[in-house]
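For reference, the chains in residue letters:
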Amino acid sequence: GGPIAELKERRELVRWAENLYGEVTKLEEDRASMESQLEEARGQLEDARNQLELTQTRCAELERLAHQFVAGAAAASENEDLRKQLAAFSVEVDSLREEKQGHSKALALSAEEKRRLAAERDELHRSFAQREGGTGDVALSLTVHNVNFDRLHADPALLEAFR
């Protein structure tokens, strides 16, 4: 073990220390990279948990909507029946409205005819009274078409029109 051996041993130790220092540096870099990856994984885990919570909320909402849909389907069938009834009532109302309009026109025509005949009667009364010097009574006969007597007696305006 002379100085050359010591020098060799020193060089070996320096080389070994440099290699060890390089490995420590590499391990520290690896550790920093792994810590960065761990932080990234934690962030991804948090995102995944948040996404899972949103998915569970959405799933619960979809289940609620599915139950409502089932209930709504039963109501839709009932609504369809009600729509059909409403359509039938609408047709009946339209028919009754047309019938009423027809009766109103007939009433208006009858009232106008009554006024015309009353004026004619009054004119005949005056004419007869002037010619005969009598009371002026004249008998008239009137034929009316398309009058329902049950409706005539039920409607005071119609009854008054034919007095």
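To start, this report covers the structure provided alongside it. Going along each chain's sequence as written, the residues are numbered from 1 onward. Totals for whole chains, interfaces and linings use every residue, but because this is a predicted model, local features are given only for residues with pLDDT of at least 70 and side-chain atom pairs only at 80 or more, for both listing and counting. Hydrogens are left out, water is left out, and the side-chain values use all remaining heavy atoms of the structure.

Turning next to the overall build of the protein chain. A tally of helices and strands in the protein chain yields three helices and zero strands. Secondary structure elements are taken from DSSP: a helix is a run of H or I of four residues or more, a strand is a run of E of two residues or more, and numbering for both begins at the N terminus. Helices and strands in the protein chain line up, N terminus first, as α-α-α. Exposure classes here rest on a 1.4 Å probe applied to the protein chains alone. A residue is buried below 20% of its type maximum, exposed above 50%, and partly exposed in between. By the burial criterion, 4% of the 163 residues in the protein chain qualify as buried. In short, Shrake-Rupley with a 1.4 Å probe defines the accessible areas, and a residue's cover is counted only from the protein chains shown. Surface accessibility of the protein chain: about 14500 Å² in total, with carbon and sulfur atoms responsible for 56%.

We now examine the pattern of salt bridges. Salt bridges are defined by distance alone: a side-chain nitrogen of Lys or Arg within 4 Å of a carboxyl oxygen of Asp or Glu. Following the criterion strictly, the structure yields twelve salt bridges and no others. In this structure, the salt-bridge partner of D30 is K26, at a minimum N-O distance of 3.4 Å. Here D30 and its partner K26 are both found in helix α1 (residues 3-132), four residues apart, which amounts to about one turn of the helix. Under the relative-accessibility criterion, K26 is labelled partly exposed at 48%. A salt bridge links D94 to R97; its shortest N-O distance comes to 3.3 Å. Residue D94 and its partner R97 are both found in helix α1; the two are separated by three residues, about one turn of the helix.

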